[in-house]
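Single-letter residue listing:
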Amino acid sequence: MRMYDIIMKKRDGGELSKEEIEYFVYNYTKGNIPDYQASALLMAIYFKKMNKRETADLTMAMVNSGETIDLTSINGIKVDKHSTGGVGDKTSLVLGPMVAACEVPVAKMSGRGLGYTGGTIDKLESIKGFSVEIPMDKFIENVNTVGLSIVGQTGNLVPADKKIYALRDVTATVDNISLIASSIMSKKIASGTDAIVLDVKCGSGAFMKNKDDAFELGQEMVDIGTALNRKTVAVISDMDEPLGFAVGNVLEIIEVIETLKGNGPKDLVQLCLSLGSHMLILGGKAQNPYEAEKLLKNIIENGLALKKFKEFVMAQGGDPSFIDNTNLMPSAKYIYEVKSDKEGFVEKIIADEIGIASLMLGAGRETKESKIDFGVGIVLNKKVGDSVLKGEVLAKIYANTEDKIAPCNEKIINSFIISDKAIKNKKLIYGVVSDKGIERY
């Protein structure tokens, strides 16, 4: 088998066999295939695409490129949740305790953020003492005793994806549905979970900018999961404005705690109830969304969700006093109010611009070596549809460097699109993709 022949076959629109896909993934991961040939194949895939069988085979070839996690010693149906990412997205930290408190085990491996703010792992590390690097036997023990554990990805989990993604990133071949779907699903399959709920974002702050592309990606990932005997559901949700009010690591942890207390932002609560309902159904704890949502609401109202979050934090070395008193968490030196220069109604908040503003403050990473400032970020005071008076506060900037405030203020002002007319409430959730097909809302 020659790489030249595989490249030519796909260039001419041919269907790659399972053996050809495995040959490429194995040998590229081992360093036997040069970048220039791998790049040529990726570009051929980008233009000629892959069918569903090829995509499933690519996914499994990447899964088998490294170690896989065996979670069979964890009691019950293990349900994982994955988000395609966005601005202010802290759903995993709200969902994990809610679902675990309903006795569905959540064993989650997450990555660090590279972009607007830290990832789930970084946010958790803003809690004093919290460890995301615990031995696998402790990870499994925590899921069996607490019902929830979130750790960093192991170094040898899906090494093919790490190498292929790095090449896609510099060869303009990221934006292909099969390549995106296989990248995401290979990590979920290798993590050993039984069922997967996917939150596929679309909008200005998401990778997929429009609904049709988001539904297509959701369908592709559900098809992969189904082909590989994993129950999989994709929820298509809006990311045209930041989720919730807080953008920044400590600020988002505080919002998570408030949400688990029952004081969460409307959009964050709605999304968590939707995603959580599917997790409970896949986990065998509810028959339908109505029953599942009722269980989740009760878990918040009776305080068990917050209690579970505290148990989870303590089990991984975190200081629970930070949950009881969030004033103990790292805070910013300067708090600056961003005021509107006009009156009207918030028509749009350009999510990625808010994300860039938070990155300017130090809440995220521009490179893998960048150090995150946990205490900085932005808290919105207005959301889409809200009325605004001239001089009214749109958001607050939390900064540790005074010279970053002015440029950040300008970017936030420009990200708020204010209209003369009242704005109709837009949808947060556009639909669901399952093995039964697409249901648009």
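Note that the coordinates shown come from a computational prediction; the quantities given were computed from them, not determined experimentally.

Residues other than glycine seldom take positive phi values, yet Lys49 does so here, at roughly 65 degrees. Within the secondary structure, Lys49 sits in the loop between helix 3 (35-48) and helix 4 (52-63). Although it is not a glycine, Val158 sits at a positive phi angle of roughly 50 degrees. By the secondary structure assignment, Val158 is in the loop between strand 3 (148-152) and helix 8 (159-170).

Burial of strand 3 is extensive: 4 of the 5 residues sit out of reach of the surface. In this sheet, strand 3 lies alongside strand 2 (residues 106-110) in parallel orientation, the contact comprising 5 bridges. Bridge assignment links Val106 to a residue of strand 3, and that residue is Leu148.

Quick look at the pairing of strand 1 (residues 79-83) now. Within strand 1, 5 of the 5 residues are buried, which leaves the element mostly enclosed by the surrounding structure. Across the two faces of strand 1 the burial is the same, with Val79, Lys81 and Ser83 and Asp80 and His82 all buried. Relative to strand 4 (residues 195-202), strand 1 runs parallel, the two being bridged by 5 bridges. Its bridge partner lying in strand 4, Asp80 is registered against Ile196.

Here the focus is the sheet that holds strand 7 (residues 334-339). Reading across from one edge, 6-9-11-7 is the order of the 4 strands in this open sheet, with antiparallel pairing throughout. Since the sheet does not close on itself, it has two edges, and those belong to strand 6 (246-247) and strand 7, each with one partner. Pairing analysis gives 2 bridges linking strand 6 to strand 9 (residues 377-380), with the strands arranged antiparallel. Its bridge partner being in strand 9, Ala246 is matched across the sheet by Val379.

Calculation notes
- Residues numbered from 1 in each chain as written.
- Predicted model: local features only at pLDDT ≥ 70, side-chain atom pairs only at ≥ 80, totals over all residues.
- Heavy atoms only, no water.
- Helix = DSSP H or I, 4+ residues; strand = E, 2+ residues; numbered from the N terminus.
- Buried < 20%, exposed > 50% of the residue type's maximum accessible area, 1.4 Å probe, protein only.
- Pairing = 2+ DSSP bridges.

Without other data, these values stay purely geometric and don't point to any function.
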